[in-house]
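Remarks on the overall topology
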Amino acid sequence: MNEVRRNEVRRKVAVVTGSRAEYGLLYWVLHDLRAEPDIELQLIVTGMHLAPEFGLTVKEIERDGFAIARRVEMLLSSDTPGGVAKSIGLGVMGMSDALEQLRPDVVLVLGDRFEILAAAQACLVHNIPLAHIAGGDTTEGAFDESIRHAITKMAHVHFVTNELSARRVRQLGEDPRHVHVVGNPGLDHLKRLTLLDRAALAESLGAPLAKRNLLITFHPVTLEPGESERQFGELLAALDTLGDDTALWFTRPNADTGGRALSAALDAWATPRAGRAHVHSSLGQLRYLSLMAQVDAVVGNSSSGLYEAPSFRVPTVNIGDRQRGRLSSASVIDCAPDQAAIERAITQALALDCSAVVNPYGDGHTSARIVAALQALPARAELLKKHFHLIETAHA
């Protein structure tokens, strides 16, 4: 692209990230926004990135060479409903301060976590256009479902991962002109990232891969009070039936309600099984995807099992309702959150032929589509004055 004219004002695009998984999905979007001469990238880092117990992943962002415009502390050392609600309140206040200081032209957010809800609320009252990635998805087993749809109604531009999600966003009354089907930005890694081979990965992990390997992440099920620990216990019981030739690679749960209890339960279970159970607060995107490419199956209830794993032709055992309703490929095996069902699903996954699986979340060129759409945004006033686009039906 030609250099920006000397007197031309660059569009200021603020991007908010609050978790390791979300940053991994945003990486190439951030990379490409930073490279555009007509865009000033303002990176706002918050949530789990700033917490040592979750790996202090802000350091990973800095190692990747991104300048951090603002750090917004919001995560309390409590994952009770009251603690999370208070964290959201702190987040709204911190984001408000950041927006007043940075004065972005548009704010870009991804997903459905409570940190992102705080950012969206602050943008709403500051009259700053909001662009939202991955709206229209459904995950019926977590309150993230409601957060995601709430952000859709607060957003002005929608970058959705598939056509079904686009239909849902339009059904929520959003302007079809501002709904863009772009795919999942996490798939851009497959086109642009050189993964570690098996030997280099083992060296980086500090432990060799086994004859058989599982990548496991289990997050709290926030719409089922008291169920997270029980379901996680069922998963651990199922994993105990596997032989010593199977290595278990865990990433810790998110900072959702009940997440710390799951993390403590994981440590108590993994410690006497240290030879085959490996627990990481954060693997980083390169190691995580490199490991995903090498394992025999992905197990748990993380969206990465539905988003990225199909592109590696790796089967996924999707446990319980946390991801229920999300579009999935033929490589995803859904199962109930009980030991017997999980054991059967793992056995099925290890025998599943995924060689012909097609990932329904895009082609790995999502970042370019998002950047182009941000560059072509209409005037601020046009975006802010939203009109509810009613979809007429035969029964209306």
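Here's what I pulled together on the structure shown here. Small disclaimer: the values here were computed from a predicted structure and weren't measured.

Across its full length, the protein holds 15 helices and 13 strands. Expected size for 396 residues packed as a compact globule is a radius of gyration near 21 Å; at 21 Å, the protein falls within 12% of this value. Taken over the C-alpha atoms alone, the protein extends approximately 65 × 55 × 45 Å along its principal axes. Residues classed as buried in the protein amount to 55% of the 396 residues present. For the protein, long-range pairs separated by at least 24 residues make up 70% of all intrachain contacts whose partners lie at least 6 apart in sequence. A total accessible area of about 16400 Å² is found for the protein, and carbon and sulfur atoms account for 51% of it. Within the protein, the 47 negative side-chain charges are centred at a point lying 4 Å from the centre of the 40 positive side-chain charges.

Turning to the sheet that holds strand E11 (residues 297-300), a few remarks are in order. With parallel pairing, six strands are arranged side by side in an open sheet as E10-E9-E8-E11-E12-E13. Each of the sheet's edge strands pairs with one partner strand only, and the pair in question is strand E10 (277-280) and strand E13 (332-335). Neighbour-to-neighbour, the strand axes of this sheet turn through a mean angle of 20°, independent of strand direction. Relative to E11, strand E8 (residues 212-217) runs parallel, the two sharing four bridges. Bridging across to E11, Thr217 finds its partner in Gly300. Sheet strands in contact with helix H13 (residues 339-350) are E8, E11, strand E12 (316-319) and E13, and its direction is about 170° off that of E13.

Attention now goes to the pattern of salt bridges. Tallied over the full model, the rule gives 18 salt bridges. The shortest N-O distance in the salt bridge between Asp112 and Arg148 comes to 2.7 Å. A residue pair is termed long-range when its members are at least 10 positions apart, and Asp112 in the loop between strand E4 (106-110) and helix H4 (114-126) and Arg148 in helix H5 (residues 144-154) qualify at 36 residues. Each member of the pair, Asp112 as well as Arg148, is classed as buried. Of the charged contacts, one joins Lys386 and Glu174 as a salt bridge, the two residues approaching to 2.7 Å between their closest N and O atoms. Of this pair, Lys386 sits in the segment after helix H15 (380-384) while Glu174 sits in the loop between helix H6 (163-171) and strand E7 (179-181); the two residues are 212 residues apart in sequence, bridging distant segments of the chain. Three or more residues joined by partner-sharing salt bridges are found here, namely Asp112, Glu145 and Arg148.

Reading the values: rules and limits
- Residues numbered from 1 in each chain as written.
- Predicted model: local features only at pLDDT ≥ 70, side-chain atom pairs only at ≥ 80, totals over all residues.
- Heavy atoms only, no water.
- Helix = DSSP H or I, 4+ residues; strand = E, 2+ residues; numbered from the N terminus.
- Rg over C-alpha atoms; globule rule 2.2 N^0.38 Å.
- Buried < 20%, exposed > 50% of the residue type's maximum accessible area, 1.4 Å probe, protein only.
- Contact = heavy atoms within 4.5 Å.
- Areas by Shrake-Rupley, 256 points an atom, 1.4 Å probe, with all protein chains shown as cover.
- Lys, Arg positive; Asp, Glu negative; His and termini not counted.
- Charge placed at Lys NZ, Arg CZ, Asp CG, Glu CD.
- Pairing = 2+ DSSP bridges.
- Axes fitted to C-alpha atoms, helices over the stretch in contact; angles between N-to-C directions.
- Salt bridge = Lys/Arg side-chain N within 4 Å of Asp/Glu carboxyl O.

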